[in-house]
Amino acid sequence: MENRTYTADAEPGERVTVAGWVHELRDLGGIAFLILRDKTGKIQVKFAKDEMDDDLVEAGTSVSRESVVTVVGTVEEEPRAPTGVEVVPESVEVVAPADPELPLDPSGKVDAELPTRLDNRTLDLRRDEAKAIFEIRAEILRAVREYFREVGATEINTPKIVATGTEGGTELFPITYFGEEAFMNQSPQLFKQLMVGSGLERVFEIGPIFRAEEHNTPRHLNEATSIDFESAFIDHREAMDVCEGAVRAAYEAVDENCREQLELLGLADEFEAPEGAFPRLSYGEAIERVNATGELDEQLVWGDDLSTEAEKALGRDVGGHYFVTDWPSEIKPFYIKDHDDDEALSTGFDLMHPRMELVSGGQREHRYDELVAGFEQQGLDPDAFEYYTKMFRYGMPPHAGFGLGAERLLMTVLGLENIREAVLFPRDRQRLSP
Ligand code: ATP
Ligand code: MG
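Residues numbered from 1 in each chain as written. Chains lettered and ligands numbered in written order. Predicted model: local features only at pLDDT ≥ 70, side-chain atom pairs only at ≥ 80, totals over all residues. Heavy atoms only, no water.

1. Some details on the UniProt feature "site: Important for tRNA non-discrimination" (unreviewed entry) in the protein chain
UniProt records the feature "site: Important for tRNA non-discrimination" (unreviewed entry) for Pro82 in the present numbering. Classification of proline 82 as exposed rests on a relative accessible area of 67%. (UniProt positions renumbered as here; feature names shortened; annotations may be inferred. Buried < 20%, exposed > 50% of the residue type's maximum accessible area, 1.4 Å probe, protein only.)

Structure representation (structure tokens):
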């Protein structure tokens, strides 16, 4: 739009065209106010009924809330206005009227339940708090992307429609691909690994993953965004260093560049980037510590996965981000390498936030014979993965990497209760639209 001025940039003395939504109308008798809202903020438009043309006053005061309007007028200083300035209008045009009955109140005066908000996301994201979450999300993705570029990784995009899942199993969504069965990919795992053997060597991807998880939880989505990294010639320890760097970069970017949004979310005082290196606990140490808290009904034994309760007990005990390393091989996927000196121990690691798992990663099995044996042990048909295993016969370097859930990162950075707050249009058991 030509000559449009954002409300935040309107300076006293200027003649401006502002455009946005009718946030509020206040009629005080001889004088009426229209509060116009755009992405940068709000501005008051004043209608002095005796001094102005009747048609102009009518246009500015009969419009319904949340209608889209453009106002041409002069900006004047007004100490009593919320932003210290107001617009004295020459013309008001209703560009797109809104129904007077709104499914939710974007001014935030009336609270709406999450399902109502998600059904009407457009209106929901006119609220400052909801909008702030997605501005922070964009900043986190920007910072993580920049961090990966700094460590020399190339951004890639891999297929989401695949012939076989990454790990097989029940978490796959089947689709029909020209009459053949295909699937939505669970993870870019196998493709990103293939790229470390290509000339690219070190890659990252930020893209959707699809998981047919049956359960409805506050931290699972059926379509999530995964931040993946994979590099040739590094081991699991170096992958943990990069993982920690990426998470730290996200926090620091929010700390530096999102103060306004943190303020809107009521987090300005409590927000802090994690300090110090993330402790690295071995799985053995982790289960001992969980058991020592005495918070579980049943003690964990070697080979148990960490249950949600165990993760929470350990999170409270550690009090910050931490890695769990050296898992029993049998509970980590086949493509993760075991320690050379102890086959029962995996190089797999998880990065935990006190509230939940954020990342899984590890060094990968790059030796052809061991990889194929791993498929068989996991009950998968190596022939179905021939496109992948074949490349391990043509020079596949040692490599490591990780997958970090973008929504879980955002959720833990901001302390959101439900992962659905961290995604525009969540996909879950009940929700396929919008
Ligand atoms: P969990 O045990 O918490 O269900 P997972 O171990 O199955 O997670 P991974 O396959 O290790 O998940 O995926 C790597 C990361 O991707 C996870 O640590 C998490 O941050 C994110 N992630 C995985 N599944 C989901 C999901 N259904 N919804 C949101 N994020 C997910
Ligand atoms: Mg995991």
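Structure shown, so let's carry the discussion forward.
2. Quick word on the packing of aromatic side chains
The final tally for this structure, using the stated rule, is 17 aromatic pairs. On the basis of an interplanar angle of 40° and a centroid distance of 6.3 Å, the ring pair of phenylalanine 148 and phenylalanine 402 is categorised as tilted. In this pair, phenylalanine 148 sits in helix H4 (residues 128–150) while phenylalanine 402 sits in strand S18 (residues 399–405), placing the two residues 254 residues apart along the sequence. Both residues of the pair, phenylalanine 148 and phenylalanine 402, belong to the buried class. (Phe/Tyr/Trp six-rings, centres within 6.5 Å; stacked < 30°, edge-to-face > 60°. Helix = DSSP H or I, 4+ residues; strand = E, 2+ residues; numbered from the N terminus.)

3. Let's talk about the site of ligand 1
The environment of ligand 1 is made up of 14 residues, and the closest members are Arg211, Glu213, His220, Glu357 and Leu358. Between glutamate 213 and ligand 1, the recorded distance is 2.8 Å, taken from a side-chain N or O atom to a nitrogen atom. One of the side-chain nitrogen or oxygen atoms of arginine 219 is found 3.4 Å away from an oxygen atom of ligand 1. Protein coverage of the free-state accessible area of ligand 1, which is 590 Å², stands at 82%. When atom positions are compared with the pocket grids, ligand 1 is found to occupy the largest pocket. The set of elements that each furnish at least two residues to the shell around ligand 1 consists of strand S17 (356–363) and S18. Broken down by element, the shell around ligand 1 gets its largest block of residues, four residues, from S17. Of the residues assigned to the shell around ligand 1, the class counts are five nonpolar, four polar and five charged. (Near = heavy atom within 4 Å. Polar contact = N/O pair within 3.5 Å; in protein donor to acceptor, adjacent residues only side chain to side chain. Areas by Shrake-Rupley, 256 points an atom, 1.4 Å probe, with all protein chains shown as cover. 1 Å grid on protein atoms, 1.4 Å probe; cavity = no way out; pocket = protein on both sides within 12 Å on 5 of 7 lines; lining within 4 Å. Sits in = over half its atoms within 2 Å of the grid points. Nonpolar A, V, L, I, M, F, W, Y, C, P; charged D, E, K, R; others polar.)

4. Details of the pattern of salt bridges
Tallied over the full model, the rule gives 38 salt bridges. Residues arginine 117 and aspartate 124 are paired through a salt bridge, measuring 2.9 Å at the closest nitrogen-oxygen approach. When its relative accessible area of 10% is taken as the criterion, arginine 117 is described as buried. You can call aspartate 124 buried: its relative accessible area is 0%. As a salt-bridge pair, arginine 259 and aspartate 255 come within 2.4 Å of each other at their nearest N and O atoms. Overall, the relative accessible area of 31% leaves arginine 259 in the partly exposed class. Several salt bridges share partner residues, and in doing so they unite Arg117, Arg121, Asp124, Arg127, Glu129 and Glu421 into one network. (Salt bridge = Lys/Arg side-chain N within 4 Å of Asp/Glu carboxyl O.)

5. Examining the coordination of the magnesium ion (ligand 2)
Six octahedral donors around a metal ideally make angles of 90 or 180 degrees; four tetrahedral donors ideally make 109.5 degrees. Here the magnesium ion (ligand 2) is held by the protein donor atoms Glu357 (OE) and Ser360 (OG), which lie 2.2 to 2.3 Å from it. Note on serine 360: relative accessible area 30%, which makes it partly exposed. (Donors = N, O, S within 2.8 Å, 3.2 Å for Na, K, Ca; no water.)

6. Some remarks on the nonpolar core
Ile140, Phe148, Ile227, Phe402 and Leu414 are the most contacted members of the largest nonpolar core, which has 52 residues in total. Residue assignment for this core shows that the elements contributing at least two residues are H4, strand S10 (202–210), strand S11 (223–232), helix H6 (236–257), strand S16 (349–353), S17, S18 and helix H12 (406–414). Tallying contributions element by element places H6 first for this core, with ten residues. With residues up to four places along the chain from it excluded, the contact list for leucine 414 reads Ile133, Ile136, Leu262, Leu265 and Leu267. (Core = buried A, V, L, I, M, F, W, Y, C linked by side-chain atoms within 4.5 Å. Contact = heavy atoms within 4.5 Å.)

7. A word on unusual backbone geometry
Following serine 433, the chain continues into proline 434 via a peptide bond in cis, with omega recorded as 0°. Considering the arrangement of structural elements, one finds proline 434 in the segment after H12. Positive phi values are uncommon outside glycine, yet asparagine 3 reaches one of about 60°. Assignment of secondary structure puts asparagine 3 in the segment before strand S1 (15–27). By relative accessible area, asparagine 3 is classed as exposed at 60%.

8. Focus on the pairing of strand S13 (residues 322–325)
Along S13, one buried face is formed by Tyr322 and Val324 and the opposite face, lined by Phe323 and Thr325, is buried too. As defined by bridge partners, strand S12 (residues 280–282) adjoins S13 across three bridges and the pair is classed as parallel. Looking at the pairing, arginine 280 lines up with phenylalanine 323 of S13. As paired elements, S13 and S16 share three bridges and run antiparallel to each other. Within S16, the residue paired with phenylalanine 323 across the bridge is leucine 351. (Pairing = 2+ DSSP bridges.)

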